[in-house]
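Chains, contacts and geometry: an overview
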Amino acid sequence: MPELERIEPRLPARPPFGVRVLGSLLLVFSVGLVSCQAMFII
Amino acid sequence: MADPMKTPPEQRRTLGLAELLLGVKPGNTGDAQALQRPRATGTLLYILPIPLLIGALIGLGAGRLDAVLVDGGIFALLMAAADLTRRGLKAEHAQQILRFTRLQRIPLKTIGGLLTGVATGLAAFLSLDHGVALSVVYAAVAMLGFHLLYGFEPLGQPRAFVTRDERARKVAAALAEAERKLIELEQAAKTIANPELKVRLRRIGVQGRSILNQIADRPTDLFRARKFLSVYLDGVKQVTDGYARTHRLADSRDLEQNFRNVLVTVEEVFEEQHQRLLKTDVLDLDVQIEVLKKQLEREGLQ
């Protein structure tokens, strides 16, 4: 009889709070900064 | 749902301010709600590019077509990236309810992350006239931030089962195929307006899933449930698709009644199948108990 071992779907582990804050800051200082500079440069 | 008027006053809970303002239903908070909604929604990616839109509008006012095209184009790219990311996050979350199949997904979140980086680099190069090197650094920082906040999708196709031999692989494939049919059935049910038929189809979906669960627990049941997997699931899916297509064009009472009859029969067949599999479990257990009893008697333990 074949045995089936399930692999339960799991959400990838959520990064720690500090890492998420760092990610947000990097996005703000790249995408956000470039956007703001592009707005003021005209 | 319990009637709040029948609940004794001391057991009634007070609604929080957020529940009152946002209209959140009592009892629908906490973990259950967290399971229903993706944890991250990608809102930041929609907010950060807004200055580019303002820049494009200012450029329009100043008669600068180049600024309009560059800022507007990059804004559109970043919005597309945000949308892909949001879809990717939702799809990642929706995957959690599937038990036997892992849908071959387009890595939307990864594409969203790459697009965010490329658009940021383009903005730095075209709009701000930074050099290639600095633009690449901007793109890399944006992608790193994206990765830390949302994460890229893992490479490779996720699997539902650890399959060690050929037979187990066959059972896993049959279960995945059957669950895919059930998903299509549930999707077709959403397009049907009649609430009664919708409920019946949803019930058939639930019954189907419980049969699949049973097969997954005891793979030998697959051979007993072959007819269910090959004939009935296909049949009900085809009929539902046909009904979903036709009832929008022609609102026929006869057609509706026929479809209802088919669904009633399918519900009965599924229930019968479920009971038959359960009965086999009981029979098998009976046999095992009998064998054990005989063995104990033989060895003089009883």
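Look a little higher up for the structure.
To start, this report covers the structure provided alongside it. (Residues numbered from 1 in each chain as written. Chains lettered and ligands numbered in written order. Predicted model: local features only at pLDDT ≥ 70, side-chain atom pairs only at ≥ 80, totals over all residues. Heavy atoms only, no water.)

**Describing the overall build of chain B**
Our working rule: Counting from the N terminus, the helices are DSSP H or I runs at least four residues long and the strands are E runs at least two residues long. Burial classes: relative accessible area under 20% of the type maximum marks a residue as buried, over 50% as exposed, and values in between as partly exposed (1.4 Å probe, protein chains only). Any two residues whose heavy atoms approach within 4.5 Å are treated as being in contact. Method for areas: the Shrake-Rupley scheme with a 1.4 Å probe, in which residue coverage is limited to the protein chains shown.
Assigned secondary structure in chain B consists of twelve helices and one strand. Secondary structure elements of chain B, listed N to C terminal, follow the sequence α-α-α-α-α-α-α-β-α-α-α-α-α. Each of the 302 residues in chain B was classed as buried or not, and the buried ones make up 37%. The long-range fraction of contacts in chain B, counting pairs at least 24 apart against all pairs at least 6 apart in sequence, stands at 70%. Total accessible area computed for chain B in this model is approximately 18,000 Å², and 62% of it derives from carbon and sulfur atoms.

**Observations concerning helix α9 (residues 195-217) of chain B**
The condition that has to hold: A helix is expected to span 1.5 Å multiplied by its residue count minus one. Polar contacts here mean pairs of N or O atoms no more than 3.5 Å apart (in protein, one a potential hydrogen donor and the other a potential acceptor; neighbouring residues in sequence count only if both atoms are side-chain atoms).
With 23 residues, α9 of chain B extends 33 Å between its outermost C-alpha atoms, agreeing within 8% with the 33 Å of an ideal straight helix rising 1.5 Å per residue. The N-terminus of α9 of chain B is capped by N194 of chain B, whose side-chain oxygen sits 2.9 Å from the backbone nitrogen of E196 of chain B.

**Structural notes on the nonpolar core**
For clarity, the threshold we go by: In this text, buried Ala, Val, Leu, Ile, Met, Phe, Trp, Tyr and Cys residues form a nonpolar core when linked through side-chain atoms within 4.5 Å.
Among the nonpolar cores identified, the biggest contains 28 residues, and L212, I215, F228, L229 and F270 of chain B are the most heavily contacted of them. At the level of secondary structure, the elements contributing two or more residues to this core comprise α8 (166-190), α9, α11 (226-246) and α12 (253-298) of chain B. Broken down by element, this core gets its largest block of residues, seven residues, from α9 of chain B. In this view, F228 of chain B contacts G208, I211, L212, L233, F270 and Q273 of chain B; residues no more than four positions away in its chain are not counted. In terms of nonpolar packing, the next biggest core, distinct from the first, is built from 21 residues, V31 of chain A together with A82, A124 and L128 of chain B among them.

**With respect to the pattern of salt bridges**
Opposite charge on two side chains allows them to pair when their charged atoms are near. All names here are of chain B. Worth spelling out the cut-off: A carboxyl oxygen of Asp or Glu within 4 Å of a side-chain nitrogen of Lys or Arg is what we treat as a salt bridge.
Here the structure, examined in full by the defined rule, presents 13 salt bridges over all chains. Salt-bridge contacts for R180 lead to E177; the nearest nitrogen and oxygen are separated by 3.7 Å. Here R180 and its partner E177 are both found in helix α8, three residues apart, which amounts to about one turn of the helix. By relative accessible area, which is 33% here, R180 ends up partly exposed. Put simply, R200 and E267 hold a salt bridge, and the shortest N to O gap is 3.0 Å. With R200 in helix α9 and E267 in helix α12, the pair connects residues that are 67 residues apart, well separated along the chain.

**Here we look at the environment of T41 of chain B**
Residue and element names in this part refer to chain B. Structurally, the position occupied by T41 is in the loop between α2 (31-36) and α3 (43-47). T41 sits 47 residues away from G88 along the chain, and the two C-alpha atoms are 9.6 Å apart. Apart from residues no more than four positions distant in its own chain, T41 is found in contact with R86 and L89. Among the polar contacts listed, one links the side chain of T41 to the side chain of T43, at a separation of 3.0 Å.

**Concerning the packing of helix α4 (residues 50-61) of chain B against helix α5 (residues 65-94) of chain B**
Residues and elements named next belong to chain B. Definition in use: Structural elements are reduced to axes, namely lines fitted to C-alpha atoms, with helices fitted over the stretch in contact, and the angle between N-to-C directions of any two is expressed from 0 to 180 degrees. Should an angle lie under 35 degrees it is considered roughly parallel, over 145 roughly antiparallel, and from 65 to 115 roughly perpendicular; all remaining angles are considered oblique. Crossing handedness is read from the near helix: turned anticlockwise from the far helix by less than a right angle, it gives a left-handed crossing, and turned clockwise, a right-handed one. Gly counts as polar in this scheme, as do all residues outside two lists: the nonpolar Ala, Val, Leu, Ile, Met, Phe, Trp, Tyr, Cys and Pro, and the charged Asp, Glu, Lys and Arg.
Relative to each other, α4 and α5 sit at 155°, their axes nearing to 8 Å. Classified by the interaxial angle, the pair formed by α4 and α5 is roughly antiparallel. Like other packed secondary-structure pairs, α4 and α5 cross with a definite hand, here left-handed. On α5, the residues touching I50, L52, L53, G55, A56, G59 and L60 of α4 are A67, V68, D71, G72, I74, F75 and L78. Classifying every residue of the contact of α4 with α5 by side-chain character gives ten nonpolar, three polar and one charged.

**Some points on the environment of S35 of chain A**
Tracing the backbone through its elements, the reader meets S35 of chain A in helix α1 (residues 17-40). With residues near it in sequence (within four places) discarded, S35 of chain A still touches L48, P49, P51 and L52 of chain B. Here L48 of chain B takes part through its backbone oxygen, which lies 3.4 Å from a polar atom of the side chain of S35 of chain A.

**Re the side chain of E256 of chain B**
Along the polypeptide, E256 of chain B turns up in helix α12. In contact with E256 of chain B, other than residues within four places in its own chain, are N194, L197 and Y243 of chain B.

**A short note on a nonpolar patch on the surface**
In plain terms, the rule: Patch membership is restricted to residues that have no salt bridge and whose relative accessible area is over 30%. Joining uses 9 Å for like charges and 5 Å for the nonpolar side chains Val, Leu, Ile, Met, Phe, Trp and Tyr.
A surface patch of nonpolar side chains, amounting to about 540 Å² of accessible area, comprises F17, V21, L25, V28, F29 and L33 of chain A. By secondary structure assignment, the location of F17 of chain A is in helix α1.

**Thoughts on the packing of aromatic side chains**
All names here are of chain B. For clarity, the cut-off: Stacked, tilted and edge-to-face pairs are distinguished by plane angle, under 30 degrees for stacked and over 60 for edge-to-face with tilted covering the rest, among Phe, Tyr and Trp rings (Trp via its six-membered ring) whose centres lie within 6.5 Å.
In total, this model carries three aromatic pairs over all chains according to the counting rule given. Aromatic side chains Y243 and F259 sit 4.2 Å apart centroid to centroid with 10° between the ring planes, which places their arrangement in the stacked category. Residue Y243 is located in helix α11, and its partner F259 is located in helix α12; the two are separated by 16 residues in the primary sequence. Y243 gets classed as buried once you look at its relative accessible area, which sits at 6%. With relative accessibility at 3%, the residue F259 sits in the buried group.

**Some points on unusual backbone geometry**
All names here are of chain B. Here the phi dihedral of D129 falls at roughly 60°; this positive angle occurs in a residue that is not glycine. You can see D129 is positioned in the loop between α6 (108-127) and α7 (132-149). Residue D129 is classed as exposed on the basis of its relative accessible area of 65%.

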